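Secondary and tertiary structure notes
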Amino acid sequence: MNNETDTTINQHALSLFSDTSQFPYIPKSLSSYVETCVAKKLSNRLVEAVQGERTKVFKNINRTFQLASDATGLTPDELLRKTDFNERDMSPTRLDSAFAEIRTVNSLKEQGFEGIQLLKAGKQKKADILATFQGIGFAVEVANSIFSADKRVEPFQLRDWLVGRASSDGKTGQLEQTSEETSASHTILVGVIDTFFSVVFNTHNDYCEAAQLAWEELNGKEGFHVAFVTGREATGYGRDDCVYPDLPSNGSHVV
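Just so we're clear, the structure is a prediction, and the values are computed from it rather than from any experiment.

Calculation rules
Each chain has its residues counted from 1, running along the sequence as written. Local features in this predicted model are restricted to residues whose pLDDT is 70 or higher, and side-chain atom pairs enter the listing and the counts only when it is 80 or higher, whereas totals over whole chains, interfaces and linings include all residues. Just so you know, side-chain values use all the structure's heavy atoms and leave hydrogens and water out. Each pair of strands is called paired provided DSSP finds at least two bridges between the two strands. Each helix is a run of H or I in the DSSP string that is no shorter than four residues. Each strand is a run of E no shorter than two, and both are numbered from the N terminus. Simply put, an axis is a line fit to the C-alpha atoms, just over the touching stretch for a helix, and the angle between two N-to-C directions goes from 0 to 180 degrees. What makes two residues a contact is simply this: any of their non-hydrogen atoms within 4.5 Å. Across the chain, each position has a pLDDT score giving the predictor's confidence in that residue, from 0 to 100. In these notes the angle categories are as follows: under 35 degrees is roughly parallel, over 145 is roughly antiparallel, 65 to 115 is roughly perpendicular, and the rest is oblique. Crossings are classed by handedness, with left-handed meaning an anticlockwise turn of the near helix from the far one by less than a right angle and right-handed meaning a clockwise turn. Here, nonpolar core refers to any group of buried Ala, Val, Leu, Ile, Met, Phe, Trp, Tyr and Cys residues whose side-chain atoms link them within 4.5 Å. Relative accessibility thresholds used throughout: buried, under 20% of the residue-type maximum; exposed, over 50%; partly exposed, between the two (1.4 Å probe, protein chains only). Lining residues are defined by having an atom within 4 Å of a point belonging to a cavity or pocket. Those points lie on a 1 Å grid over the protein atoms alone, cavities being sets where a 1.4 Å probe fits but cannot get out and pockets being open sets with protein on both sides within 12 Å along at least five of seven lines. Grid points are joined across faces, edges and corners, and a volume is the space filled by probe spheres set on the points. Gly is placed with the polar residues, together with every amino acid not listed as nonpolar (Ala, Val, Leu, Ile, Met, Phe, Trp, Tyr, Cys and Pro) or charged (Asp, Glu, Lys and Arg). One fewer than the residue count of a helix, multiplied by 1.5 Å, yields its expected span.

**Here we look at the sheet that holds strand 4 (residues 184-193)**
Pairing in this open sheet of six strands is mixed, and the strands run 1-2-3-4-5-8 from one edge to the other. Since the sheet does not close on itself, it has two edges, and those belong to strand 1 (114-118) and strand 8 (242-244), each with one partner. The sheet shows a mean angle of 25° between the axes of neighbouring strands, taken without regard to direction. Strand contacts of helix 6 (residues 92-110): strand 1, strand 2 (129-133), strand 3 (136-145), strand 4 and strand 5 (224-229), with the helix running at about 140° to strand 3, the strand carrying the most contacts. Together, strand 4, strand 5 and strand 8 form the strand contacts of helix 10 (residues 204-217), whose direction differs from that of strand 5 by roughly 145°.

**A few points about the confidence of the model for the chain**
When pLDDT drops low, the exact placement of atoms in the prediction is not to be read closely. For the chain, per-residue confidence averages 84 on the pLDDT scale, and residues scoring 70 or more make up 82% of the total. The spread of mean pLDDT over the elements of the chain runs between helix 1 (residues 3-17), the lowest at 53, and strand 2, the highest at 97. Confidence drops under pLDDT 50 across residues 1-5; counting only partners more than four residues distant or on other chains, this segment forms two contacts. Overall, residues 250-255 carries pLDDT values under 50, and its contacts beyond four positions in sequence, including any with other chains, amount to 25 contacts.

**Focus on the packing of helix 4 (residues 54-72) against helix 6**
Relative orientation of the contacting elements helix 4 and helix 6 amounts to 60°, with a least axis distance of 9 Å. Looking at the two axes, helix 4 sits oblique to helix 6. Read as a crossing pair, helix 4 and helix 6 show a hand that is left-handed. Contacts between helix 4 and helix 6 involve I61, T64, F65, L67, A68, A71 and T72 on the former and, on the latter, F99, I102, V105, N106 and K109.

**Considering the nonpolar core**
Counting residues in each nonpolar core, the largest one holds 42 residues, and the members touching the most others are L30, I61, F65, F113, I116 and I129. Element by element, the count of residues in this core is highest for helix 6, at seven residues. If you look at the next biggest cluster of nonpolar residues, it comprises 28 residues, including A127, A149, W161 and V163.

**Describing the side chain of D96**
By secondary structure assignment, the location of D96 is in helix 6. Note on D96: relative accessible area 12%, which makes it buried. When residues no more than four places from it in sequence are discounted, the contact partners of D96 are R45, N144, I146 and D194.

**A few points about the layout of surface pockets**
In this approach a probe as big as a water molecule rolls over the atoms, and the regions it shows empty are the leftover space. Empty space within the second largest pocket amounts to approximately 500 Å³. Around the second largest pocket, the lining is made up of 26 residues, and of these R94, E101, D128, E141 and K171 lie nearest the centre. The set of elements that each furnish at least two residues to the lining of the second largest pocket consists of helix 6, strand 3 and helix 8 (171-181). The leading source of residues in the lining of the second largest pocket is helix 6, at six residues. Among the residues making up the lining of the second largest pocket, the classes are represented as seven nonpolar, seven polar and twelve charged.

**Quick notes on the pairing of strand 4**
Within strand 4, nine of the ten residues are buried, leaving the element largely enclosed by the surrounding structure. As defined by bridge partners, strand 3 adjoins strand 4 across nine bridges and the pair is classed as parallel. In the sheet register, A143 faces strand 4, and the bridge partner there is G191. Sheet topology places strand 4 next to strand 5; six bridges connect them, and they run parallel.

**A short note on helix 6**
Across its 19 residues, helix 6 extends 27 Å between first and last C-alpha, which sits within 8% of the 27 Å expected from 1.5 Å per residue. Once helix 6 finishes, G112 follows within two positions and takes phi at roughly 105°, a positive value.

**A word on unusual backbone geometry**
Of note, the bond from Y244 into P245 is cis; its omega dihedral lies within 30 degrees of zero at -10°. Take P245: it is sitting in the segment after strand 8.

Next comes the structure, spelled out in structure tokens:
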């Protein structure tokens with residue numbers, strides 16, 4: 001594909017991205033970010049995606065932010081700011097982390113959590129989200145995975161990845177600190193699986209087993225939970241998302 005064709009595709013993608021009549025929930029700051037990436041010829045997974053199945057990608061992004069806006073009462077741009085996203089920060093991992101938090105908000109809302117708040121980072125690190133479930137306060141910390149897989153990922157591999165992130169980034173400490181400073185008596189460490197090809201080979205049971213293994217490795221105690229968010233649904237199971245141990249007063253493993 002020549003550069004002239006690339007430019008045509010980029011401009012078409014950008015015009016769709018900023019079309020507020022079709023996609024009113026796509027944050028303006030996200031459109032500006034993509035425009036800057038294209039202008040600087042920077043590639044990342046979002047830029048690549050919007051040059052592929054553009055309309056499908058835009059619809060999914062628009063729907064994701066619509067649901068999160070409804071769940072939090074924030075505008076799409078306010079949501080992105082709460083995740084500490086900065087449109088001038090060209091690091092692709094920063095954007096991936098922002099989307100992981102937004103997806104976690106939607107997963108929590110779908111399963112009955114209320115009062116969902118994204119916590120903007122300050123000088124002292126804390127959890128990403130506060131929410132309540134059946135009157136019980138939860139602090140939620142999100143770890144995002146961007147790895148791809150061409151075969152099934154074993155539960156112990158998912159455990160090792162999440163435990164490694166929790167240890168290296170001090171995520172369990174952030175959960176405990178936020179729990180002490182708020183009314184959150186329960187905590188959840190969430191692993192967000194960020195690529196379709198990583199999740200298609202795994203089952204709901206795989207994620208449930210991985211969540212239990214990670215909980216045990218992290219010396220799980222009462223009030224601490226481990227969850228996985230995939231965004232995928234499987235025939236016969238429903239959503240692959242899972243949590244261990246069960247949420248209080250709830251007999252299911254789904255979060």
